[in-house]
Structures are given as structure tokens and as C-alpha cells.
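Coordinates in review
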Amino acid sequence: MGALPAIAQVAVELPIPTPLDYRIPPPLRAVCRLGQRVLVPVGRRHVLGYVVGLASASAAAEVKELAEILDEAPLLTPELLALTRWVAEYYLCPWGQVLKAAVPRAFRVRTQPVYALASPDSGEAAGLAPDAAQVLSCLRREGALSRQELGRRVGPARIAGLLRRLEEQGLIVQTYRRLAPPARPRLVSKVRLQLSVAEARALQHTLQQRAPAQAAVLACLLKQPEWELATLRAQVPGAAAAVRRLVQRGVVQVVESEQWRRVVPESPALAAADLQLTAAQQAALAHIEAKLAASDSIPVLLHGVTGSGKTEVYLRAIAAVLARGKTALVLVPEISLTDQLVRRLAARFAPAIAVLHSGLSTSERFDEWRRLAQGEARVAVGARSAVFAPLRHLGLIVVDEEHDTAYKQEEMPRYHARDVAIVRARQSGAVVVLGSATPALETYHNARRGKYLLLELPQRIDAKPLPHVTLVDQRAYAAAPERVITPPLAEAIAACLQRQEQCLILVNRRGFAAYLQCRDCGLVPQCVRCSVSLTYHRADRRLKCHYCDWQQPAPQRCRGCEGTRLQPHGLGTQQVEEALRAMFPTARLRRMDRDTTRGKAAPQQILQALARGEVDILVGTQMIAKGHDYPRITLVGVVAADATLALPDFRAAERLFQLLTQVAGRAGRGAAPGEVFIQTYRPEHYSIRYAQHHDFAGFFAQEAANRQTMGYPPFVRLARVVLDGLDAKRVEEASQWLGGVWQALARRFPGLHLLGPAEAPIGRLQRRYRWHMLVKAATSRMLHRFLAAALQRVGEDHQPLRGVRLSLDVDPQSFL
């Protein structure tokens, strides 16, 4: 047996580039393992970290001692350590920051600095000032205390200096205490019968007259030998006292046991045989099952038109992988899409389902994570961060709506869950299925090149037709209310309501109007923290920033000229809702946007009301556009469709095509055919024309040609660098310096181009001024080699960046 490791390499949840070495105390060396959570000192704090390596020695000049091991069994598997390490290396961010994003908040451990006596004799020190003696007396009497606690006893004004002097004198030391964890296992008290049935019946008869409550408890236990104490108390008056007496008699036992918090709703069971697959579905499933048998991790693109039955293929593939004794992971882009999918999964696979997303409470995520880690659940479904679910023996990953930008995290670590899923499948020998009616250009390009396996579902189930799409030229309707809901769309809504069917109205902006503008001087109110206009919310008469959430009451007068003619411009969900209520006063109308879905279950409540037929018209933003399957929806209207084209983003046309195709696909999924009306100021634009005809192949051909000409993905690899700070001049100077340094470095990389520096499209965000640069490279390898050299150059001379924050985004999705 070899020597036990003496050094733990720990990734801490701080922006520190590399793991830190810590000396393992000899008593802990036999139990220190990879993947465990630990507490380690960093400066004067103790912080949470994860053991990511073990070694016999360290090259560091000074190595501190590891303070505490928090887990008996490792929280993270070797597979998750390997995956998070890849994320850190590919997206160029600290490993500890990736682990912080991967592990639910419920497992976070917080500490508080406290002070304790340096030795038992410290409290007896003589010749001290009265306040110093009082501190030592408190610590001797009460044990370790925080600065705030000592301040309340001695006086807050003097405590900081007093503690510093006592530390310098060697009389006290700073240590830490662990604070209460964010979540704990849910324990319930259960009452168990300890007697035989015959003995219990005899005792019940004896107690019937003199202790009726005890007899009633025994009657319950004779029907069922174990009851939750809370249930007994609800059914039997005086049950608590009766149970205590029965425990004293040795008749029953009360035990504490863990009970999982219920997340997955109950659904009526549905057998796979109840649904017949189309020939295209059968062929796709056969290909996926063959890959499962071979553990072939080459990605599969399941490209199927809306309503073609992609979800049923997913379900059959999950059944196949579970039959092989393996586990499955299903990713969806948004929380609002999980409810309907979870119900379908639960109908087929309950209780093997666990859900992971930010809409759950901390305690619910704590339970769901542990159910997966312990093998209690074998299918994980969730949004972006569920890609790190602690599944063992992973056999299948499904990424539904793989094109959706919600899979990209916009804060550190800036990972793309779809791409992480592909890597996780490769590392685990699992099959990954990417599903979409409108695949990302990069994904479809890889499939066309043979890098991915392309499977097609070209028709809807039962050969139902795709909805007919009508383009309405908005330029012909300039006056209100036709500017909001044009006559062709209004007539279609009236006919839909007459048929007692449902319709969706998509507005790609929440609020009442895009902005207020003074008709006298033209001033538009701006956010005080960001260089964006404030959105007008008429319901509460407030102006709100949709980037930092700053808000103010809508002004009565213009701040520029004191004029009173402030007029709303642009359309938002509130204005469309108001117009529709005026036009169709008897219709049952709901709105679904970020303002109406802030509550934990709000999105599910709205969608369930829609499913029950309690909603005639649903107005909403992009969250209503994808993934939902409601057969009574026969009409979709799109208001101000082309607003997306105004964004400074080379993917704007692709985003618009995807949005229009996806929302159109919500119509006509039932027995009645669907129709779509798209109101637009640019009916001639190719993305809108191709969406009108559901022509993904045509759109791909034209957009790919445009991208190749301009040198954008999928033909190059991109990284975006953002510099921001509180001083506008310093940010600009730092950007110009960095641009010059990196431009010189770029000359050593033929085929690599640097665009910028330039002020970011949103030049100020949350009070910080912003500049950015784009790095274009022919390959991912070249891009990472350049970025590694560029960051090393910054590390060698970071003086010009003082007061400026540098953020790096590999494979960026946002350019604002």
C-alpha cells in the first residue's frame, strides 16, 4: 500500500485561476478523496472548495493546512470533475467558478469569522485595559464569538481596534464557525407497531374504555403497521399523548426517517404502445437505438418540423436506455417548457424522474440532486445547469430545442449547455440527441458535413399540414388601433373565437411601449445606470430598465424642456393586451411575460389554464413561442415581427427565422388546421419569406452563404472581450492599450483577426462603461492558443487595466 497523499489540490469558489495546494492534516489523510467539499483558508477567510487533485508534495513555497472535510463520500464523481475541468479550460474561466455553477446552492457552506482565546491561560492575562479584559472574559465564558457579537457586549465603536491589538499580543486568534446550511433533509416522525396483530387486537380491546385515544391509534396501526405521526394527529384526537404512552408501554416505536420533497407531479400512466410511430419516427428511433447499443457518442441531430413527434422519439429512446440499466438526461431551454415535458415523462417513467432548475426551492433542488446521486432517480430533466446532473452510468442526453440561446450562460462561467452536453456524452460514452425544428446554423452545418448524424422528421403526425402563413404589411396600417392589431389579424381572431378555438399573440417586447418620447424636444428617458431607453409599463405607470431592473414613476413633464406631451412609441405586451381587451371584451385573455411569471409556479399556472381551455387568447413574449403543444390552438398572430432585425447581431436573421417558425408551429396541432398572421414592416426580408413557407433548407443555404462571405460562424470561431469600469476615460484608454497589444500579438497567428476595440452597443450597463473586441480564428485550436498567449501578456503587465474588469466569452451568443 502506497503512502497517503499529503497535499490536496483545491478549487475554491472564488475567481482564482488555478487550484490551490493545501496540506492535509495527518488524521484526515486516510479519508481525503477527490470530489469532496472542504473548507480551506484563503487570506483571513475560510471558504468552500472542492478536492480536484491529490499529491505527495507541493511546489508552492508556503502551503496552508486544510481546515475541514465536509463529506464522507465525495459529492462530485470523477466524471463531473473531468467535465467541469473541460468547461474551465475551454471557456477560460476558473475551475472553482465552474464548480460553483454546477453544484446547487443547497450544498453551499458559509462561514463566519469568530474570535477565540489563543490558549486557556489567555483569559487570565493581567494588566489589561478594562475593555480588553471584558473581551477576554466574554470569550472565556461563552466560547468563540464574532466581531458583531463582541461589539454588542463591549461597544461597536472600539471593537475592531481592540481585537486587532489582542491578536497582535497573541491573546486571541481568529478562526471560523460554520453557518446553518441552506437546506437539510426533510425528516418525518413515523409510528410503527411493535406487537403482533393478535397482541395488538387484545390490547386495543383492553384499552377501549379507559384509554380510547390509545385504542384508536392501535386501530389505525392494525389497518396499516406504519403511520406518519402528523397523519395520526390529524385523524385521532389526542394522538400525540396516546403515542407517547404507547411508546412507554413498548407497544409502538417512533422513528425519524427522511421524506423526499415532492417535485414531479402525478400523471396518469401512459404506455408507449398507446401511440403508433410514423415511419420517419421508427427510422429515427432505430438509428438512435443502434447508437445506444454501440455506445456511439457521435452527436445526432433530430431535425423535425414542428409537431412531427420529436418528443415521442425522445421518450422511446429513454425507455431503451433505462432498459439497458443506464440513465438519461433531458435538457430544455427554459423553465416554462419543463412542466409539460415532465408530465409526459412522469406518465411513462415515474418515479424515476428528477427535476433540476432554478424555479425549484433550495430544499427541493437539494433533494432532487441527492435522488439522482443516490440512484433513486434515473432520468434528470431541467434547464441549462442540469447538464451537470450527478447521473452515473449515463447512456443518453437529449437537448431539446438545441438552437435556443437560453442554453448559453451570460455570466461566468459563460458555458453553452448544448456544447457541454456533447462533451459530456463523449466523455461518458453516451448518445446525445440534439432536437429542433430550426437547428442552429452551426449544428446543421456540422450535420451536413457528416460530423453529426442527421435524422429527419419531415412531416407532422398523421400527415397534418403545417399552418398557412399570411404576411401583413404593417406599413399599410399606420393609425391606432390598426397599428397594433391590423384588420386581417383582428378578423382572424374574431373567427377563431367564434369557432371556440384558442389563439396565441406573440409580441417580442414586454411592457406597454418601447419608450416614451417628448413630442416637443424629442427627449427619450434613459436608464441612469445603462445607456438604454426605459420601457414604459402603463399598468403601474412606471418606466423600467429591462437590463438592470432600475425603475421610476412615469414623469408628467419632460426633464429636458418641461413639456407635457410625452408619447409612448413602439409596442409591448401590455399595449397589445389592452388593445385586444378593447376589441374582444368577452374573450378570456391572459398575458405571459416576465412581469406576469415572477412567482414560482406562475408559468405553469398560465399554461395549465390554457390546456384546460380556460384561456381564449394568450399574449406573450418568446416564452410562448416554443415547445408547447396545445391542440386547441389554431391561430397565431405575430405583432412587430421584424424588431429582431434591428439588433446589432450577425445572427439577427437566424433568430427571427427561428422565432417565427417556432411560434407558427404552435398552430394546428389538433384536428383543426392552423393559420398564422405575421405583421411586419419588412415582408420582403428573406428570413420572413422563408419562415412563411416553412423552408429551413432555403434559409440555411442563403444565411450560410452570407456568413461565409462575411467570415462568421460556422465558418470561423469567435471570442468576445468586454472591458468595463466606472470611469469612462479609463475604460477607453485600457481598451485602446489592450487592442494595440493584442493586434501586435495577432500578427503571429496567420488567419486570426481582431475587430475593435470599440464602444459596446450598450455602452453603459449598471453604471459601468463598456468597450469590446471580437477575435476571429479559423479553428478552435488557433483561437485558444491566441487567447492563452493574450491573457498571459495581460498577466505580465496589468497596470494599464487597473480599475477595469476584463471579461472573456468564447463562442458568444450576445453582442450587446
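Right above here is the structure, for reference.
Let us look at the structure shown here. Nothing here was measured: the structure is a model prediction, and the numbers come from that model.

Definitions and cut-offs
Residues numbered from 1 in each chain as written. Predicted model: local features only at pLDDT ≥ 70, side-chain atom pairs only at ≥ 80, totals over all residues. Heavy atoms only, no water. Salt bridge = Lys/Arg side-chain N within 4 Å of Asp/Glu carboxyl O. Buried < 20%, exposed > 50% of the residue type's maximum accessible area, 1.4 Å probe, protein only. Helix = DSSP H or I, 4+ residues; strand = E, 2+ residues; numbered from the N terminus. Pairing = 2+ DSSP bridges. Axes fitted to C-alpha atoms, helices over the stretch in contact; angles between N-to-C directions. Phe/Tyr/Trp six-rings, centres within 6.5 Å; stacked < 30°, edge-to-face > 60°. Parallel < 35°, antiparallel > 145°, perpendicular 65-115°, else oblique. Left-handed = near helix turned anticlockwise from the far one by under 90°. Contact = heavy atoms within 4.5 Å. Nonpolar A, V, L, I, M, F, W, Y, C, P; charged D, E, K, R; others polar. Expected span 1.5 Å × (residues − 1). Patch = residues over 30% accessible without salt bridge, like charges linked within 9 Å, V, L, I, M, F, W, Y side chains within 5 Å. Areas by Shrake-Rupley, 256 points an atom, 1.4 Å probe, with all protein chains shown as cover. Lys, Arg positive; Asp, Glu negative; His and termini not counted. Charge placed at Lys NZ, Arg CZ, Asp CG, Glu CD.

**Thoughts on the pattern of salt bridges**
Side-chain pairing between opposite charges can occur once the charged atoms of the two side chains come close. Counted according to the given criterion, the structure contains 40 salt bridges. With its nearest N and O atoms 3.7 Å apart, the salt bridge here joins R141 to E142. For R141, a relative accessible area of 56% translates into the label exposed. The closest approach of N and O atoms between E368 and R371, which form a salt bridge, is 3.0 Å. Of this pair, E368 and R371 both sit in helix α13 (residues 362-373), three residues apart, which is roughly one turn of the helix. Accessibility assignment for this pair places E368 and R371 in one class, buried. Salt bridges linked by common partners bring E258, R261, D367 and R370 together as one network.

**What to know about the sheet that holds strand β9 (residues 187-193)**
Across the sheet, three strands lie side by side as β10-β9-β11; this open sheet has antiparallel pairing. At either margin of the open sheet sits one strand with a lone partner, and together these are β10 (226-228) and β11 (252-258). Within this sheet the neighbouring strands show an average axis-to-axis angle of 30 degrees, counted without direction. Summarising the sheet, β9 and β10 pair through three bridges and their orientation is antiparallel.

**Comments concerning the sheet that holds strand β22 (residues 535-537)**
Read from one edge to the other, the open sheet built from three strands follows the order β22-β23-β24, with strand pairing classed as antiparallel. Only two strands of the sheet have a single partner each, and these edge strands are β22 and β24 (551-553). Shown here is a sheet whose adjacent strand axes are inclined to one another by a mean of 25 degrees, direction ignored. Across three bridges, strand β23 (residues 542-544) lies against β24 in antiparallel orientation. The partner of L543 across the bridge, within β24, is Q552.

**Topic: the packing of aromatic side chains**
Enumeration according to the criterion identifies 17 aromatic pairs in this entry. Aromatic pair F650 and Y712: ring centres 4.4 Å apart, planes at 15 degrees, arrangement stacked. Of the two residues, F650 sits in the loop between β28 (633-639) and α19 (652-664) while Y712 sits in the loop between α21 (696-710) and β30 (717-725), which places them 62 residues apart along the sequence. A single burial state applies to F650 and to Y712, both of which are buried. Taking the centre distance of 6.0 Å and the plane angle of 20 degrees together, the rings of Y686 and F699 count as stacked. Of this pair, Y686 sits in helix α20 (residues 686-692) while F699 is found in helix α21, placing the two residues 13 residues apart along the sequence. Both residues of the pair, Y686 and F699, belong to the buried class.

**As for the packing of helix α1 (residues 78-90) against helix α2 (residues 95-102)**
A pair of packed helices is captured by two measures, namely the crossing angle of their axes and the spacing between those axes. α2 packs onto α1 with a crossing angle of 125 degrees between their chain directions and a minimal axis gap of 8 Å. In terms of orientation, α1 lies oblique with respect to α2. In this structure, α1 meets α2 at a crossing whose hand is right-handed. Each of L81, T84, R85, V87 and A88 in α1 lies in contact with α2, whose residues at this interface are W95, V98, L99 and A102. Partitioned by chemical class, the residues of the contact of α1 with α2 number seven nonpolar, one polar and one charged.

**Here we look at the pairing of strand β32 (residues 768-777)**
The buried fraction of β32 is high, at eight of 10 residues. Note that β30 and β32 share nine bridges and pair antiparallel. Across the sheet, residue R717 finds its bridge partner in β32, namely A777. Between strand β31 (residues 753-765) and β32, which pair antiparallel and follow one another directly, the connecting turn spans two residues, one of which, Q766, has a positive phi of 50 degrees.

**Looking at helix α12 (residues 338-349)**
With 12 residues, α12 should cover 16 Å at 1.5 Å per step; its first-to-last C-alpha distance of 15 Å lies within 8% of that length. With nine of its 12 residues buried, α12 lies for the most part within the structure. Within the sequence span of α12, burial applies to T338, D339, L341, V342, L345, A346, A347, R348 and F349. On the buried face of α12, the contacting elements are α11 (310-323), β13 (327-331), β14 (353-356), β15 (379-382) and α18 (602-611).

**A closer look at helix α14 (residues 417-428)**
Under the 1.5 Å per step criterion, the end-to-end length of α14 is 16 Å for 12 residues, consistent within 8% with the ideal 16 Å. Summarising burial for α14: nine of the 12 residues are buried, a large majority. For α14, the set of buried residues is A417, R418, D419, V420, A421, I422, V423, R424 and A425. The elements touched by buried residues of α14 are α1, β13, β16 (394-400), β17 (431-436) and α15 (441-448).

**Brief notes about the pairing of β17**
Two faces make up the sheet, and in a regular strand the side chains alternate between them. Across the six residues that make up β17, a large majority, six, are buried. What you see with β17 is no split at all: V431, V433 and G435 on one side and V432, L434 and S436 on the other are buried throughout. Where β16 lies against β17, five bridges are found, and the strand directions are parallel. Within the sheet, the bridge partner assigned to L396 lies in β17 and is V431.

**Points about the packing of helix α4 (residues 147-154) against helix α5 (residues 159-168)**
Where α4 contacts α5, the two axes come as close as 10 Å, and the packing angle between them is 110 degrees. Judged by the angle between their axes, α4 and α5 are roughly perpendicular. With respect to the hand of their crossing, α4 and α5 are arranged in right-handed fashion. Residue-level inspection shows R147, L150, G151 and V154 of α4 in contact with α5, the latter providing I159, A160, L162 and L163. Classifying every residue of the contact of α4 with α5 by side-chain character gives six nonpolar, one polar and one charged.

**What to know about unusual backbone geometry**
The linkage connecting M412 with the following residue, P413, adopts the cis geometry, with an omega of 0 degrees. With respect to the helices and strands, the residue P413 is situated in the loop between β16 and α14. With an omega of 10 degrees, the peptide bond between G756 and P757 qualifies as cis. When you line up the elements, P757 lands in strand β31. One non-glycine residue, L92, lies in positive phi territory at about 55 degrees. At S295, a residue that is not glycine, the phi angle is positive and equals roughly 50 degrees. Relative to the helices and strands, S295 resides in the loop between α10 (279-294) and β12 (300-304). A relative accessible area of 35% means that S295 is categorised as partly exposed.

**Focus: the environment of M592**
With respect to the helices, strands and loops of the structure, M592 is situated in strand β26 (residues 589-592). On the basis of relative accessible area, M592 is assigned to the buried category, the value being 0%. For the pair M592 and I606, spaced 14 residues apart in sequence, the C-alpha to C-alpha distance is 7.4 Å. Ignoring any residue separated from it by four or fewer positions in sequence, one finds M592 in contact with S336, T597, P603, I606, L607, L618, V619, G620, T621, M623 and I624.

**Remarks on a negative patch on the surface**
A surface patch of like charges, here negative, comprises D727, E732, E733 and E759. You can see D727 is positioned in the loop between β30 and α22 (728-746). On the accessibility criterion, D727 (41% relative accessible area) is partly exposed.

**A look at the environment of L14**
Structurally, L14 can be placed in the loop between β1 (7-12) and β2 (20-23). Relative accessible area serves as the criterion here: at 15%, L14 is assigned to the buried category. Separated by 223 residues in sequence, L14 and P237 have C-alpha atoms that sit 54 Å apart. For L14, the residues in contact, after removing those within four places along its chain, are V42, R45, V47, P94 and Q97.

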